[in-house]
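Chain by chain, the residues:
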Amino acid sequence: MTINEEMDCIIREAVPSDAEGVINLINRTATQTGFMTQGDEGFSLSVAEEAKELDKIYASENNSVIVAVVNGQIIGIASISGSSKPKIRHIGDIGIVIDQPFWGMGLGRMMMTELLEWAESSDVLKRLQLQVQRRNTRARKLYETLGFKLEAILEYGVKDNGEYLDVCQMSKLINL
Ligand SMILES: CC(C)(COP(=O)(O)OP(=O)(O)OC[C@H]1O[C@@H](n2cnc3c(N)ncnc32)[C@H](O)[C@@H]1OP(=O)(O)O)[C@@H](O)C(=O)NCCC(=O)NCCS
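Analysis parameters
Residues numbered from 1 in each chain as written. Predicted model: local features only at pLDDT ≥ 70, side-chain atom pairs only at ≥ 80, totals over all residues. Heavy atoms only, no water. Core = buried A, V, L, I, M, F, W, Y, C linked by side-chain atoms within 4.5 Å. Buried < 20%, exposed > 50% of the residue type's maximum accessible area, 1.4 Å probe, protein only. Helix = DSSP H or I, 4+ residues; strand = E, 2+ residues; numbered from the N terminus. Contact = heavy atoms within 4.5 Å. Pairing = 2+ DSSP bridges. Salt bridge = Lys/Arg side-chain N within 4 Å of Asp/Glu carboxyl O. Phe/Tyr/Trp six-rings, centres within 6.5 Å; stacked < 30°, edge-to-face > 60°. Near = heavy atom within 4 Å. Polar contact = N/O pair within 3.5 Å; in protein donor to acceptor, adjacent residues only side chain to side chain. Areas by Shrake-Rupley, 256 points an atom, 1.4 Å probe, with all protein chains shown as cover. 1 Å grid on protein atoms, 1.4 Å probe; cavity = no way out; pocket = protein on both sides within 12 Å on 5 of 7 lines; lining within 4 Å. Sits in = over half its atoms within 2 Å of the grid points. Nonpolar A, V, L, I, M, F, W, Y, C, P; charged D, E, K, R; others polar.

Draft legend 1. Quick peek at the nonpolar core. Counting 33 residues, the largest nonpolar core has Met 112, Leu 128, Tyr 143 and Phe 148 as its most contacted members. Of all elements in the fold, only strand E1 (9-13), strand E2 (64-70), strand E3 (73-82), strand E4 (91-98), helix H4 (107-120), strand E5 (127-133), helix H5 (137-145) and strand E7 (163-173) reach the threshold of two or more residues within this core. For this core, the element with the most residues is H4, which contributes 7 residues. Excluding residues that lie within four positions of it along the chain, Leu 128 makes contacts with Ile 80, Gly 92, Ile 94, Leu 116, Ala 119, Phe 148, Met 170, Ser 171, Lys 172 and Ile 174. Val 22, Leu 25, Val 67 and Ile 74 belong to the second-largest nonpolar core, a separate cluster that totals 14 residues.

Now the structure itself:
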């Protein structure tokens, strides 16, 4: 299945009415792979709380949530989370997840490109950073080709299925 020929996919900023779809996607993808920090503990906010969060994020200068929507269903989320503290508000933490049946169609690259464009148009963000498991070759390739540099390997950075795993700390400087 290619994106243009067989499915109608829209990539756009999330709005409060996306809250339920966002929560469903996070819960659905949490256990599809061992790559997510979230496990089967479930999303911590209610739909109403998440809607308020999305409203705040939409208006924020250093936070953004982008969704990929296919046939009205949210199947991908990419986000930047920044702090309100003046000393670190130039730092944005990146996250991305796509529902597994939609992997390998170029959506990850499209969503990350959109998110980077948003970050580059921000007057605040200077440093984008993320953590990715060393074994997650697909995600690492995506980040590397978008200009993220490996800064450190965090040994014992995460525990999955009883196994302690290496995590890569990566970053990209923007708007310098
Ligand atoms: C990581 C993720 C977002 C990538 O999304 P995707 O839509 O599959 O990505 P794309 O189709 O755009 O492919 C991205 C790149 O990975 C490459 N790739 C695909 N399979 C790969 C593999 N097994 N090993 C290495 N690279 C691979 C592709 O070639 C592509 O590079 P290219 O554009 O230069 O050809 C998606 O796999 C996902 O949601 N994974 C689970 C959650 C996760 O790991 N999130 C990141 C946590 S830090």
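Having seen it, we continue.
Draft legend 2. Structural context of the pairing of E2. Among the 7 residues that make up E2, 7 are buried, leaving the element largely enclosed by the rest of the structure. Side-chain alternation along E2 places Ser 64, Ile 66, Ala 68 and Val 70 on one buried face and Val 65, Val 67 and Val 69 on a second face that is also buried. In the sheet, E2 pairs with E3 via 7 bridges, with the strands oriented antiparallel. By the bridge assignment for E3, Ile 66 is matched with Ala 78. Between E2 and E3, which pair antiparallel one after the other, the connecting turn spans 2 residues, and Asn 71 there sits at a positive phi close to 50°.

Draft legend 3. Highlighting the pattern of salt bridges. Under the definition given, this model contains 7 salt bridges. Note that Arg 89 and Glu 61 form a salt bridge whose closest N and O atoms lie 3.0 Å from each other. Here Glu 61 lies in the loop between helix H3 (47-59) and E2 and Arg 89 lies in the loop between E3 and E4, a separation of 28 residues in the sequence. In this structure, the salt-bridge partner of Arg 127 is Glu 151, at a minimum N-O distance of 2.9 Å. Separated by 24 residues along the polypeptide, Arg 127 in strand E5 and Glu 151 in strand E6 (residues 149-160) bring together distant segments of the chain.

Draft legend 4. A look at the packing of aromatic side chains. Tallied over the entire structure, the rule returns 2 aromatic pairs. On the numbers, 4.6 Å between centres and 20° between planes, the contact of Tyr 156 with Tyr 164 is stacked. Residue classification places Tyr 164 among the partly exposed positions, given a relative accessible area of 44%.

Draft legend 5. Geometry of the site of the ligand. Neighbouring the ligand are 21 residues, the closest being Ile 98, Gly 104, Gly 108, Arg 109 and Asn 136. At a separation of 2.8 Å, an oxygen atom of the ligand approaches a polar backbone atom of Gly 108. Within the contact set of the ligand, an oxygen atom lies 3.5 Å away from a side-chain nitrogen or oxygen of Lys 141. Alone, the ligand offers 960 Å² of accessible surface; in the complex the protein occludes 76% of this. The site holding the ligand turns out to be the largest pocket. Sorting the residues of the shell around the ligand by element identifies E4, H4, E5 and H5 as the ones contributing at least two each. The dominant element in the shell around the ligand, judged by the number of residues it contributes, is H5, at 6 residues. Taken together, the residues of the shell around the ligand sort by class into 12 nonpolar, 6 polar and 3 charged.

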